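The residues making up each chain are set out below.
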Amino acid sequence: MPDFIDLRSDTVTKPSPAMRSAMAAAEVGDDVFGDDPTVIALQERAAELTGKPAALYVASGTMGNLVSHMSHVPRGGEIIADAGAHLVQLEAGGYAVITGATLRPIAAGADGTWDFETLRAAFRPDDDHQPPTALVTIENTHSPTMGRPLTADYTSQVATIAHEQAVPLHVDGARLFNSVVAQDTTAAALLADADSATFCLSKGLGCPVGSLVIGSPEFIDRARRARKLVGGAMRQAGIIAAAGLVALGPGPNGMIERLADDHTNATALAEGLAAMDGIVGLDPAAITTNYIVFGLRPRPGQDLLDAREAFMAETGSRGLAYTQYPSGRVRALTHYGIERTDIERALEITRHALAAVGLSAATV
Ligand SMILES: *Cc1c(COP(=O)(O)O)cnc(C)c1O
């Protein structure tokens, strides 16, 4: 559909022209034999950017987290994770089904961080009755708080607490480079004390497929075996890895620095939305990366979910897509392919939709 403004997720991005040509020209081999030069180059670039010795290309962020858990956690081990984390909510229970782990969820505060006393208390004592704590994992950026970037200092403090208990720290950095750009820092600084991490190429970095797992060579060896076990070892994967090499730059076609535009666009969108009659629960100052969640105020006596349904149908028919949460809240993510003019139009469409479904007092 021409000019459809798709804010459902930053996963809807299409590969850039530079990615298309790199993919067409990619040198390939059989990566299961370890001889696809493009995959090797991508893994080396990922390791270099994150300051870790080794990396592994995997099909998705979910697979990256899964093989990382499998590599750190013995069957029956326990993972300490954020209660709202992707692994808890959106990975089909793979930590239990495949890794065989139990879960110790802790809720983060409004800034996306844990209270350290609560974290310390979540580690299990050495006791035959209890599952042994085997991994701590955090998300950076932190999705449940609209993609807040966690600092290098916070990550190091969490790592120190974990390491005191001889437990490793894994960082789910699906949007790690949003965090890097938002804080004007480096991936290596954010991961300095983490034992392993994953990041997605297929979100704001614009690639069609893929994520990277990074860590020590021993950890990556275990992760490669786990990747094989879950059916994720791919053959001429250089075709898709080539897009990742473009995204990770350096050079004019790199996709990391342009994430700053997504953040500026998200703030502009949030400021426009927050000012609208009918929209509630959105503080534009809380937008720090590319992630916005807002509420709708139903008319007196109107059911919130009915109002939301009508709003979504109305924006959709006008060429704008948001996603909805079961809570009734609505989500928008900015990304590659969304320009400032699209933000202006999205605001215009939203204003009309709110009026058309009677959520605002304005006239259509
Ligand atoms: C998107 C996401 C993932 C998983 O990535 P997929 O490639 O969709 O499997 C993992 N963790 C977080 C925080 C994410 O946002």
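The structure under discussion appears in the preceding block.
Residues numbered from 1 in each chain as written. Predicted model: local features only at pLDDT ≥ 70, side-chain atom pairs only at ≥ 80, totals over all residues. Heavy atoms only, no water.

Chemist: Report on the nonpolar core, specifying residues and quantitative values.
Modeler: Core analysis: the largest hydrophobic core is formed by 54 residues, its most contacted members being Phe177 and Leu248. Here this core gets 6 residues from one element, more than from any other, and that element is helix α11 (residues 238–247). If sequence neighbours within four positions are ignored, Phe177 has contacts with Leu49, Ala187, Phe199, Leu205, Leu248, Ile256 and Leu259. (Core = buried A, V, L, I, M, F, W, Y, C linked by side-chain atoms within 4.5 Å. Buried < 20%, exposed > 50% of the residue type's maximum accessible area, 1.4 Å probe, protein only. Helix = DSSP H or I, 4+ residues; strand = E, 2+ residues; numbered from the N terminus. Contact = heavy atoms within 4.5 Å.)

Chemist: Explain the environment of Arg329 residue by residue, including any values.
Modeler: Mapped onto the secondary structure, Arg329 falls in the loop between β12 (323–324) and β13 (330–333). There is a polar contact of 3.1 Å between the side chain of Arg329 and the backbone oxygen of Gly281. (Polar contact = N/O pair within 3.5 Å; in protein donor to acceptor, adjacent residues only side chain to side chain.)

Chemist: If you had to explain the sheet that holds strand β10 (residues 291–296) to someone new, which residues and values would you point to?
Modeler: Strand order in the open sheet formed by 4 strands is β9-β10-β13-β12, and the pairing between neighbours is antiparallel. In the strand order of this sheet, the two ends are held by β9 (279–280) and β12, each with one partner. Bridging between β10 and β13 involves 4 bridges; their strand directions are antiparallel. Note that in β13 the partner of Val293 across the bridge is Arg331. (Pairing = 2+ DSSP bridges.)

Chemist: Quick rundown of a nonpolar patch on the surface? Include the residues and the values.
Modeler: Together, Val97, Ile98 and Leu229 make up a nonpolar patch on the protein surface, roughly 300 Å² of accessible area in all. With respect to the element layout, Val97 can be found in helix α5 (residues 94–99). (Patch = residues over 30% accessible without salt bridge, like charges linked within 9 Å, V, L, I, M, F, W, Y side chains within 5 Å. Areas by Shrake-Rupley, 256 points an atom, 1.4 Å probe, with all protein chains shown as cover. Salt bridge = Lys/Arg side-chain N within 4 Å of Asp/Glu carboxyl O.)

Chemist: Give a detailed account of the packing of helix α8 (residues 176–183) against helix α12 (residues 259–274), specifying residues and quantitative values.
Modeler: Running from N to C, α8 and α12 point in directions that differ by 80 degrees, and their axes come no closer than 9 Å. Classified by the angle their axes make, α8 and α12 are roughly perpendicular. Side by side, α8 and α12 meet where Phe177, Asn178, Val181 and Ala182 of the first sit next to Leu259, Ala260 and His263 of the second. Within the contact of α8 with α12, the residues separate by chemical class into 5 nonpolar, 2 polar and no charged. (Axes fitted to C-alpha atoms, helices over the stretch in contact; angles between N-to-C directions. Parallel < 35°, antiparallel > 145°, perpendicular 65-115°, else oblique. Nonpolar A, V, L, I, M, F, W, Y, C, P; charged D, E, K, R; others polar.)

Chemist: Lay out the side chain of Asp30 in plain terms, naming residues and giving numbers.
Modeler: With respect to the helices, strands and loops of the structure, Asp30 is situated in the loop between α1 (17–25) and α2 (37–50). When its relative accessible area of 15% is taken as the criterion, Asp30 is described as buried. Beyond its immediate chain neighbours, meaning those up to four positions away, Asp30 contacts Asp35, Asp36, Arg235 and Gln236.

Chemist: Hey, could you go over the environment of Ala355 for me, with residue numbers and the actual values?
Modeler: Structurally, the position occupied by Ala355 is in helix α14 (residues 340–356). Taking the C-alpha atoms as reference, Ala355 lies 8.7 Å from Gly278; in sequence the two are 77 residues apart.

Chemist: A description of the sheet that holds strand β8 (residues 211–215) should follow, citing residues and the corresponding values.
Modeler: On the basis of which strands lie adjacent, the open sheet formed by 7 strands has the order β2-β8-β7-β6-β5-β3-β4 and mixed pairing. At either end of the open sheet lies a strand with only one pairing partner, and these are β2 (54–58) and β4 (102–106). On average, each strand axis in the sheet is tilted by 20 degrees relative to the strand beside it, whichever way the strands run. By the bridge criterion, 5 bridges tie strand β3 (residues 78–82) to β4 in an arrangement that is parallel. Counterpart to Ala81 in the pairing with β4 is Pro105. Running over the sheet, helix α10 (residues 217–229) touches β2, β7 (196–200) and β8 and is turned about 15 degrees from β2.

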